[in-house]
There are 2 protein chains.
Amino acid sequence: MNDKSAPRPGGRSARIQAAVHQAVRALQQEQGRDGLTVPAIASRAGVTPSTIYRRWGDLAQLLADVAVEQLQPEQPPTDTGSFRSDLLAWLLQYFDEMSSSPGRAMLRDVLGTEGHAGAGKCDSFVRQQIEAIRERALARGESPVTADLIIRIVVAPLMYRILFASERPAAQAVEVLFEQVMNAGDT
Amino acid sequence: MNDKSAPRPGGRSARIQAAVHQAVRALQQEQGRDGLTVPAIASRAGVTPSTIYRRWGDLAQLLADVAVEQLQPEQPPTDTGSFRSDLLAWLLQYFDEMSSSPGRAMLRDVLGTEGHAGAGKCDSFVRQQIEAIRERALARGESPVTADLIIRIVVAPLMYRILFASERPAAQAVEVLFEQVMNAGDT
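Residues numbered from 1 in each chain as written. Chains lettered and ligands numbered in written order. Predicted model: local features only at pLDDT ≥ 70, side-chain atom pairs only at ≥ 80, totals over all residues. Heavy atoms only, no water.

This brings us to the overall build of chain A. Regarding its fold elements, chain A presents nine helices and zero strands. Each of the three principal axes of chain A carries a C-alpha extent, and together these read 60 × 35 × 25 Å. Out of the 187 residues in chain A, the part that is buried amounts to 48%. Here the analysis covers contacts within chain A between residues at least 6 apart in sequence; of these, 70% occur between residues at least 24 apart. Side chains of chain A give 20 positive and 22 negative charges; the mean places of these two sets differ by 7 Å. (Helix = DSSP H or I, 4+ residues; strand = E, 2+ residues; numbered from the N terminus. Buried < 20%, exposed > 50% of the residue type's maximum accessible area, 1.4 Å probe, protein only. Contact = heavy atoms within 4.5 Å. Lys, Arg positive; Asp, Glu negative; His and termini not counted. Charge placed at Lys NZ, Arg CZ, Asp CG, Glu CD.)

All right, on to the packing of helix H4 (residues 59-71) of chain B against helix H6 (residues 101-111) of chain B then. All names here are of chain B. Direction vectors running N to C along H4 and H6 enclose 130°, while the axes themselves pass 8 Å from each other. With respect to each other, H4 and H6 are oriented oblique. Taken as a pair, H4 and H6 cross one another with a handedness that is left-handed. Packed against H4, whose contacting residues are Leu63, Ala64, Ala67, Val68, Gln70 and Leu71, the element H6 presents Met106, Asp109 and Val110 at the interface. Here the contact of H4 with H6 is composed, by residue class, of seven nonpolar, one polar and one charged. (Axes fitted to C-alpha atoms, helices over the stretch in contact; angles between N-to-C directions. Parallel < 35°, antiparallel > 145°, perpendicular 65-115°, else oblique. Left-handed = near helix turned anticlockwise from the far one by under 90°. Nonpolar A, V, L, I, M, F, W, Y, C, P; charged D, E, K, R; others polar.)

This paragraph deals with the side chain of A:Asp109. Residue and element names in this part refer to chain A. As for its placement among the helices and strands, Asp109 is situated in helix H6 (residues 101-111). Here Asp109 falls in the buried class, since its relative accessible area comes to 8%. Look past the residues within four positions of Asp109 in its chain and what remains in contact with it is Gln28, Arg33, Leu63, Ala64 and Ala67.

What follows deals with the interface of chain B and chain A. Taken together, the contacts link 24 residues of chain B with 24 residues of chain A. For chain B, the biggest contributors to the area lost against chain A are B:Arg108, B:Tyr160 and B:Phe164; these three give 34% of the whole. Remark: the boundary between chain B and chain A carries two salt bridges. Here A:Arg108 makes a salt bridge to B:Glu114, at a shortest N to O gap of 3.6 Å. Here chain B and chain A share six residue pairs in polar contact (both at pLDDT 80 or more) between them. Those elements giving two or more residues to the side of chain B that touches chain A turn out to be H6, helix H7 (118-139), helix H8 (147-164) and helix H9 (171-186) of chain B. Per-element tally for the side of chain B that touches chain A: the top contributor is H8(B), with nine residues. Looking at the side of chain B that touches chain A residue by residue, the class counts come to 14 nonpolar, four polar and six charged. (Buried area = accessible area lost by both parts, 1.4 Å probe. Salt bridge = Lys/Arg side-chain N within 4 Å of Asp/Glu carboxyl O. Polar contact = N/O pair within 3.5 Å; in protein donor to acceptor, adjacent residues only side chain to side chain.)

The next point concerns the relation of the copies chain B and chain A. It takes a turn of 180° to lay chain B on chain A, together with a shift of 0.0 Å along the axis; the resulting RMSD is 0.0 Å. Here the transformation between the copies is reduced to the relation of a two-fold axis. When C-alpha positions in chain B are compared against the rotation axis, the closest is assigned to B:Gly112, at 1.9 Å. (Least-squares fit on C-alpha atoms with pLDDT ≥ 70 in both.)

All names here are of chain A. Between H6 and helix H8 (residues 147-164), the shortest axis-to-axis distance is 11 Å and the interhelical angle comes to 90°. On the basis of the axis angle, H6 is roughly perpendicular to H8. Only Met159, Ile162 and Leu163 of H8 make contact with H6, whose side of the interface consists of Arg104, Leu107 and Leu111. Looking at side-chain class alone, the contact of H6 with H8 contains five nonpolar, no polar and one charged residues.

Moving on, we get to the nonpolar core. In this structure, A:Phe164 and B:Phe164 are the most contacted members of the largest nonpolar core, which totals 84 residues. Sorting elements by how many residues they give to this core places H8(A) first, with 14 residues. In this view, B:Phe164 contacts A:Leu107, A:Leu111, A:Ala119, A:Gly120, A:Cys122, A:Asp123, A:Met159 and A:Leu163; residues no more than four positions away in its chain are not counted. (Core = buried A, V, L, I, M, F, W, Y, C linked by side-chain atoms within 4.5 Å.)

Next up on the list: the pattern of salt bridges. All told, the structure shown has 24 salt bridges over all chains when counted by the stated rule. Linking A:Glu131 and A:Arg134 is a salt bridge whose minimum nitrogen-to-oxygen distance equals 3.0 Å. Separated by three residues within a single helix, A:Glu131 and A:Arg134 lie in helix H7 (residues 118-139), roughly one turn from each other. With a relative accessible area of 15%, A:Arg134 lands in the buried category. Between B:Asp79 and B:Arg136 there is a salt bridge whose closest N-O contact spans 3.9 Å. Separated by 57 residues along the polypeptide, B:Asp79 in the loop between H4 and helix H5 (83-98) and B:Arg136 in helix H7 bring together distant segments of the chain. Judged by its relative accessible area of 47%, B:Asp79 falls in the partly exposed class.

Moving on, we get to the UniProt feature "domain: HTH tetR-type" (unreviewed entry) in chain A. Mapped onto the present numbering, the UniProt feature "domain: HTH tetR-type" (unreviewed entry) falls at residues 14-74 of chain A. Span residues 14-74 of chain A is 77% helix and 0% strand, its end C-alpha atoms 19 Å apart. (UniProt positions renumbered as here; feature names shortened; annotations may be inferred.)

For the rest of this paragraph, the subject is the domain arrangement of chain A. When the domains of chain A are assigned, the result is domain 1 (3-57) and domain 2 (71-186). One C-alpha centre belongs to domain 1 of chain A, the other to domain 2 of chain A; they are set 29 Å apart. (Domains from an automatic or database assignment.)

The next point concerns the environment of B:Arg140. All names here are of chain B. On the secondary structure map, Arg140 appears in the loop between H7 and H8. Residue classification places Arg140 among the partly exposed positions, given a relative accessible area of 30%. Along the primary structure Arg140 and Ile153 are separated by 13 residues, whereas in three dimensions their C-alpha atoms are 24 Å apart. Excluding its chain neighbours within four sequence positions, the residues that come into contact with Arg140 are Asp79, Gly81, Ser82, Phe83 and Asp86. Polar side-chain contacts of Arg140 include one of 3.2 Å to the side chain of Asp86.

Okay, here's the thing in structure tokens:
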């Protein structure tokens, strides 16, 4: 996200951002991403195109900002009673979402935009959710593997498959890698 | 790469493709990617803009095609005498290239373009180089680990780091993962 587009909550600037983001989401839903133009978004949001250009630079930066906002976790991972089941449930849900059409579109918008901080945010969101699961596990007296190991052994290979093999990772593929990281933690 | 843009070598269609690709590469070098427009590329290549739109659809598809062409390996991996040193040398070079500015730009062009087969090609090129190293190893009587394992343990985590952490993987990070896959093969 650009520094310019992270305004003080509630201010005029924040209201403009909310209106423009909402216009993008509405137009994306109504007509897909191909038809999106800055003038159409501006008209829908009730701002001038130059407001959008001044603030976001171009359409790609705006779409990447909206994608990052959508990638942000809405709630902490579900507490299912153990580190093992919390982590598996979160992984299955995350990769189900990321490999869906909207998930792929978000990844495209974030990874295709030069100089956008969205990819780093995407990684931060993943770590944040994994750390929430780990902290709960530590509080229960469990010994969870590190977030780095989970990312290296499970998240990275599944993301590679989504991005480069255009494959929707089957739940089984998630489970195989999940067992590997659980075993790596035991040794 | 679009089906439309893989013409019979030497034909008129192939000559147009070569001229347009060359114009893109020249303009990218002279003025970076920001200034690139279809009319400027057409003018440089000596074709009309409508030739480009008809053939590639839009600028993003054309840039992704050019990126895929640049990602294609120019030669087989160097033969350094053993599977171990061949694979390490290739990994170090590949990730040095992919994490450079031109490498990142190619990944952005490929991963940011909807419905483009470039990402799959990128994976195929990686497998092709790894298989060439493996075949040489088999001919020497060595027992190389599988390409799938190399991609899962070494390539995917390094690619994740380039894409999401915007980090240039240090040679040391490549070597640590390389040792892991070599050990995984022993067990």
